[in-house]
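# Structure assessment
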Amino acid sequence: MEATLLNIVIFLPVLAVLVLCALPASREKAAGPIALLTGLISGVLAIGLWINSTAQGLTAETQWSWIAVTGLGGGVRIAYHVALDAIGAPLLALTGLLVPLSVACSFTAIRTRVREYYIWLLLLTTGMFGVFVARDVLLFYIFFEFTLVPLYFLIGIWGGSERRFAANKFFLYTFVGSVITFAGIVYLALRAAQLGRTSEITFDLLTLVNLDGLSLAEQSLLFIAFFCGFAIKVPFFPLHTWLPLAHTEAPTAGSVLLAGVLLKLGTYGFLRLSLAMTPDGAAGWARWMGWLAVAGIIYGALCSWVQRDVKKLVAYSSVSHLGFCMLGMFSFLPVGISGSVLYMINHGLSTGALFLIVGMMYERYHTREMDKIGGLAREMPILAFFLVFFTLSSIGLPGLNGFISEFTTLLAAFNSIALGPRHGVLGAAGILLGAIYMLYMVGKVLFGPLKQPEHTPDLSAGLSRDLNAREISILTPLAIACIVLGVYPRVVTDKLDPLIQSQIVKRVTESVNYQALTGVPRVMEELAAVDSPTPPADPRGGK
């Protein structure tokens, strides 16, 4: 039963797309409600499947042979293999929560080519769901790459004035990096067959995770190949330059899903593939990854500080925040990796909500410039409440969701053998900078003398001066989730910790390069010393 429900979650949006395609032009207004109903059903099922998931093993598993080619050695087999585990399930639930809220926020924001818009949004939904449940690495890659196409059109058609440039830059950056990652996936599958782990070329996730026999050089190069695709998606400094423009030009729903879910495809890929499949490569590059994470934290915070466009400020904050996520991941400590996954969820909630608020404000004032608007707390007290709330969540106020994930990632970095106190201390500076630029933005937008562009607020789309019931109902579930995860993060981590320990931490800490970090002699060096011939004695009796 659960397997059937998971497949419904993945493919119900595709069925809704077929319905929208058959919808007469005269009934185009029904596209929004149909998309919302689809999102609500998929979201409820996704959250239910997460609640019923287990700490160890797979649930809701479906495995079919999809493509089988014989005659190439033992042949090639690609499977449609989807299932939930403790890592993918909470991210599936996050996607299920954000999708219907993104659809609902589009009801007044999108006024042209409405049916096409919801078609692309629903196709994007299927791609996002598929990434987090794929148990075949090639299937994972197909879903991973498929998300590029709908988002490209969402930005390129319904974005801002520079939408075409932003869409092209987004597509080219992510596609080029992903091609290199694809080469790494194919090489890994070929090596698995050569090493005798399977009689055929397979892309099964568990088979490739448990592969032994790769040399240190192979693992290091494979890690770099995975890095090219996933680091751009995170985005990881200095490969982040596509993100601020994409966020700024995207429609509100595109920005919400980009920040809330699509950036997590990169961090999820690092965790699921880079650490699990190439543990020696991950350990060998850990300190470089740590320094890049710290650089991203500080650089993103400083860039946010100087922005005058509120949406661009929130966009640059994602570069800074996801640096914390990567810092905890490459600590290789259970608390750090668990905090990293929790950070993925918390960032999706708080930053997604901030993009929603910015979009609601833009619909009324047609500007996001802090120099043109101010004192809105008097005119919009409800918006002011939510903006202050999600700002405090974003900067890590104790009791809200951001605090526990920032604390655990920095604690792990400080105590990590792979990283160390310098990474933890410098990373903590990002928290201070984050509080400065976020609170500065709140002060400029909400307080001080009232400033509004002429002929605003624009209420022509049926909006009220302050947030209406639809907008409040969009933000309230996110606020509740922020409180729940801030007070009781174990709702996620209790299931997460055992799997992280057995599948990620155990493999990395047993790797040769990690043993070298702990001061244990490198196994390869010992073997080289044993195999090298003993130098012949000096016939003259010299030493």
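Since we're looking at a predicted model, the values are computed, not measured.

## Observations concerning the overall build of the chain
In terms of helices and strands, the chain carries 23 helices and three strands. The C-alpha radius of gyration computed for the chain amounts to 24 Å, which stays within 12% of the reference 24 Å derived for 543 residues, consistent with globular compactness. If you line up the chain on its principal axes, its C-alpha atoms span 100 × 50 × 40 Å. Counting all 543 residues of the chain, 58% fall into the buried class. Within the chain, contacts between residues at least 6 apart in sequence are counted, and of these 80% link residues at least 24 apart. Here the chain contributes 35 positive and 31 negative side-chain charges, whose respective centroids are spaced 5 Å apart.

## Concerning the packing of helix α4 (residues 114-133) against helix α5 (residues 137-146)
Closest axis-to-axis distance for the α4/α5 pair is 8 Å, and the angle between their directions is 145°. Pair α4 / α5 crosses with left-handed handedness. Contacts between α4 and α5 involve Leu123, Thr126, Gly127, Gly130 and Val131 from the first element and Phe140, Phe143, Phe144 and Phe146 from the second. Of the residues contributing to the contact of α4 with α5, the split by class is six nonpolar, three polar and no charged.

## Details of the sheet that holds strand β2 (residues 76-84)
Pairing is mixed in the open sheet, where three strands are placed in the order β1-β2-β3. The open sheet has two edge strands with one neighbour each: β1 (59-69) and β3 (201-202). Judged from the eight bridges that link them, β1 and β2 form a sheet pairing that is antiparallel. Note that in β2 the partner of Gln63 across the bridge is His81.

## Some thoughts on helix α21 (residues 490-509)
Taking 1.5 Å of rise per residue, 20 residues should cover 28 Å, yet α21 covers just 24 Å from first to last C-alpha, more than 12% shy of that figure. Where α21 bends most, at Ile500, the angle is about 45°. By the burial criterion, the buried members of α21 are Val492, Thr493, Leu496, Leu499, Ile500, Ile504, Val505, Arg507 and Val508.

## With respect to the nonpolar core
Counting 179 residues, the largest nonpolar core has Phe270, Leu275, Phe330, Phe332 and Phe390 as its most contacted members. If near-sequence neighbours (up to four positions away) are discounted, Phe390 is found in contact with Ser350, Ala353, Leu354, Ile357, Leu475, Leu478, Ala479 and Cys482.

## Section: the confidence of the model for the chain
For the chain, per-residue confidence averages 88 on the pLDDT scale, and 94% of positions sit at 70 or higher. Looking at the elements of the chain, mean pLDDT is at its lowest for helix α23 (residues 523-531), recorded as 42, and at its highest for helix α20 (residues 469-487), recorded as 95. Residue range residues 520-533 is modelled with pLDDT below 50. Its contacts to residues more than four positions away, or to other chains, number eight contacts. Contacts of residues 539-543 to residues separated by more than four positions or lying in other chains number zero contacts, the stretch itself having pLDDT below 50.

## A few points about the side chain of Ser317
Structurally, the position occupied by Ser317 is in helix α14 (residues 310-329). Reaching out from Ser317, the side chain makes a polar contact with the backbone oxygen of Val314 at a distance of 2.5 Å. Setting aside chain neighbours within four positions, we find Ser317 in contact with Ser304 and Tyr437.

## Focus on the packing of aromatic side chains
Applying the stated rule across the entire model yields 30 aromatic pairs. Measuring from centroid to centroid gives 5.7 Å for Phe144 and Phe230, while their planes differ by 80°, and the two rings are edge-to-face. Of this pair, Phe144 sits in helix α5 while Phe230 sits in helix α9 (residues 216-233), and the two are 86 residues apart along the sequence. Judged by relative accessible area, which is 3%, Phe144 ranks as buried. By relative accessible area, Phe230 is classed as buried at 1%. Ring centres of Phe324 and Tyr343 lie 5.9 Å apart, and the angle between their planes is 15°; this geometry places the pair in the stacked category. One end of the pair, Phe324, is in helix α14; the other, Tyr343, is in helix α15 (residues 334-365), with 19 residues separating them in the sequence. Here the aromatic residues Phe132, Phe140, Phe144, Phe223, Phe226, Phe227, Phe230, Phe236, Tyr268, Phe270, Phe330 and Phe332 are joined through ring pairs into a cluster of three or more. The side chain of Arg368 reaches across the aromatic face of Tyr362, ending 4.9 Å from its centre.

## Some thoughts on the environment of Val9
Within the secondary structure, Val9 sits in helix α1 (residues 2-21). When the C-alpha positions of Val9 and Ser42 are compared, they lie 4.8 Å apart, and in sequence the two are 33 residues distant. Aside from chain neighbours lying at most four places away, what touches Val9 is Ser42, Leu45, Ala46, Leu49, Leu92 and Phe129.

## Details of the packing of α5 against helix α7 (residues 163-194)
Between α5 and α7, whose axes approach to 11 Å, the crossing angle comes to 175°. Between α5 and α7, the crossing angle belongs to the class labelled roughly antiparallel. Here Val137, Leu138, Tyr141, Phe144 and Glu145 of α5 lie close against α7, whose contacting residues are Thr174, Phe175, Ser178, Val179, Phe182 and Ile185. Among the residues forming the contact of α5 with α7, the class breakdown is eight nonpolar, two polar and one charged.

The rules behind each value
Residues numbered from 1 in each chain as written. Predicted model: local features only at pLDDT ≥ 70, side-chain atom pairs only at ≥ 80, totals over all residues. Heavy atoms only, no water. Helix = DSSP H or I, 4+ residues; strand = E, 2+ residues; numbered from the N terminus. Rg over C-alpha atoms; globule rule 2.2 N^0.38 Å. Buried < 20%, exposed > 50% of the residue type's maximum accessible area, 1.4 Å probe, protein only. Contact = heavy atoms within 4.5 Å. Lys, Arg positive; Asp, Glu negative; His and termini not counted. Charge placed at Lys NZ, Arg CZ, Asp CG, Glu CD. Axes fitted to C-alpha atoms, helices over the stretch in contact; angles between N-to-C directions. Left-handed = near helix turned anticlockwise from the far one by under 90°. Nonpolar A, V, L, I, M, F, W, Y, C, P; charged D, E, K, R; others polar. Pairing = 2+ DSSP bridges. Expected span 1.5 Å × (residues − 1). Bend = angle between axes of the 7 residues up to and from the residue. Core = buried A, V, L, I, M, F, W, Y, C linked by side-chain atoms within 4.5 Å. pLDDT = per-residue confidence, 0-100. Polar contact = N/O pair within 3.5 Å; in protein donor to acceptor, adjacent residues only side chain to side chain. Phe/Tyr/Trp six-rings, centres within 6.5 Å; stacked < 30°, edge-to-face > 60°. Lys NZ or Arg CZ within 6 Å of the ring centre and 35° of its normal. Parallel < 35°, antiparallel > 145°, perpendicular 65-115°, else oblique.

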